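As a plain string of letters, each chain reads:
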Amino acid sequence: MSADTKIAELLTELHQLIKQTQEERSRSEHNLLNIQKTHERMQTENKTSPYYRTKLRGLYTTAKADAEAECSILRHALDKIAEIKSLLEERRIAAKMAGVYSDSDPPRKTMRRGVLMTLLQQSAMTLPLWIGKPGESPPPLCGATPASSDYVAKQGDKVAARVKAVDGDEQWILAEVVSYNHSTNKYEVDDIDEEGKERHTLSRRRIIPLPQWKANPETDPEALFSKDQLVLALYPQTTCFYRALIHTPPHRICSLFLEPQNWIKIYRT
């Protein structure tokens, strides 16, 4: 089965899951309305009788089951989205290796800086938000959570790479993993902004894998960088990192989307 066919199938399945989510939500609205009306009647009568307690217990039990069912569908939908993104990335890497590019992913030698910056921002905006189950801790590479000590970045992953500049000084740049040699424990990476010409062979200590999930400030604040923490941050409109201190971490989910610099530019040192 070709990647295009598989992606089309996954999109169809995702569409069905979205419809199921809406149906589940519509079905549960009646029960939520009953809960609201029951509380209103209790306030009007100013009493909590055994009848109301029993009724509310049943209504809340149903509401909990409805929420769990909707949550299950949404998690299934997120899995489908992850599969689609993985297939698209595999197709992009295969095209790059073969020297074939699509209109949406032109070769870097013809890419203007503005286009590159736009693509990087789009990539950051589509970074998935980690949504764990109750009591589940954020995984490695979620927000500020570092990778495990034995982690090896995959082909196509974006990383911060420490390389020698033209003047001989060292600097951290945004790069893409080409390969990893297990016998030498070294990466080959491409500078994301060097027109496809600059390739570096670097040891693991010169590579920092970038986050693969955004952390939810409301449920997983421990996975965020804290105030005054030292980090690597991207200079605006460049692909070079500099040392910086966190001034204010995001406090709500919406701030992750309204202020993309909070999760595009800040990475672990």
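Every value quoted in this text rests on a predicted model; they were computed, and no experiment measured them.

Mapped onto the secondary structure, glutamine 237 falls in the loop between strand E6 (230-234) and strand E7 (241-245). On the basis of relative accessibility, which here comes to 53%, the residue glutamine 237 falls in the exposed class. Sequence separation of glutamine 237 and methionine 117 is 120 residues, and the distance between their C-alpha atoms is 6.3 Å.

Take the nonpolar core next. Core analysis: the largest hydrophobic core is formed by 15 residues, its most contacted members being Val159, Ala161, Tyr187, Val189 and Ile207. Every element with two or more residues in this core is listed here: strand E1 (158-164), strand E2 (170-181) and strand E3 (186-191). In terms of residues, this core owes the most to one element, E2, which gives four residues. The contacts of tyrosine 187, once residues within four sequence positions are left out, are Tyr151, Val152, Ala153, Val177, Ser179, Tyr180, His200, Thr201, Leu202, Arg204 and Ile207.

Taken from the UniProt record, the annotation "coiled-coil region" (unreviewed entry) applies to residues 7-38. Overall, residues 7-38 shows 100% helix and 0% strand. The separation of its end C-alpha atoms is 47 Å.

The next thing to look at is the pattern of salt bridges. Applying the stated criterion to the full structure yields 13 salt bridges. In this structure, glutamate 89 and arginine 92 form a salt bridge, with 2.7 Å as the shortest nitrogen-oxygen distance. Taken together, the residues glutamate 89 and arginine 92, both in helix H2 (residues 50-98) and three residues apart, mark about one turn of the helix. Exposure remark for glutamate 89: the relative accessible area of 27% places this residue in the partly exposed category. Between glutamate 170 and arginine 162 there is a salt bridge whose closest N-O contact spans 2.9 Å. Through salt bridges with shared partners, a single network forms among Glu89, Arg92, Lys158 and Glu176.

A word on helix H1 (residues 3-45). Its 43 residues place the ends of H1 62 Å apart at the C-alpha level, agreeing with the 63 Å of an ideal helix rising 1.5 Å per residue. If you look at H1, its biggest bend is around 30°, right at glutamate 29. Turning to H1, its buried residues number three or more, namely Ile7, Leu10, Leu14, Leu17, Thr21, Glu24, Ser28, Asn31, Ile35, Thr38 and Met42. For H1, the elements touching its buried residues are H2.

Cut-off values and rules
Note on numbering: residues in each chain are counted from 1, in written sequence order. Local features in this predicted model are restricted to residues whose pLDDT is 70 or higher, and side-chain atom pairs enter the listing and the counts only when it is 80 or higher, whereas totals over whole chains, interfaces and linings include all residues. Computation of side-chain values: all heavy atoms of the structure, hydrogens and water removed. In this text, helices come from DSSP runs of H or I with a minimum length of four residues, and strands from runs of E with a minimum of two, each type numbered from the N-terminal end. Buried means the residue's accessible area, taken with a 1.4 Å probe over protein chains only, is under 20% of the maximum for its type, while exposed means over 50%, and partly exposed covers the values in between. What makes a nonpolar core is a set of buried Ala, Val, Leu, Ile, Met, Phe, Trp, Tyr and Cys residues whose side-chain atoms join them at distances within 4.5 Å. Whether two residues are in contact is decided by their heavy atoms, any of which lying within 4.5 Å being enough. UniProt positions are given in the numbering used here, feature names are shortened, and annotations may be inferred rather than shown by experiment. Each reported salt bridge corresponds to a side-chain nitrogen of Lys or Arg within 4 Å of a carboxyl oxygen of Asp or Glu. Take the number of residues in a helix, subtract one, and multiply by 1.5 Å to get its expected span. The angle between axes fitted to the seven-residue stretch ending at a residue and the seven-residue stretch beginning at it gives the bend at that residue.

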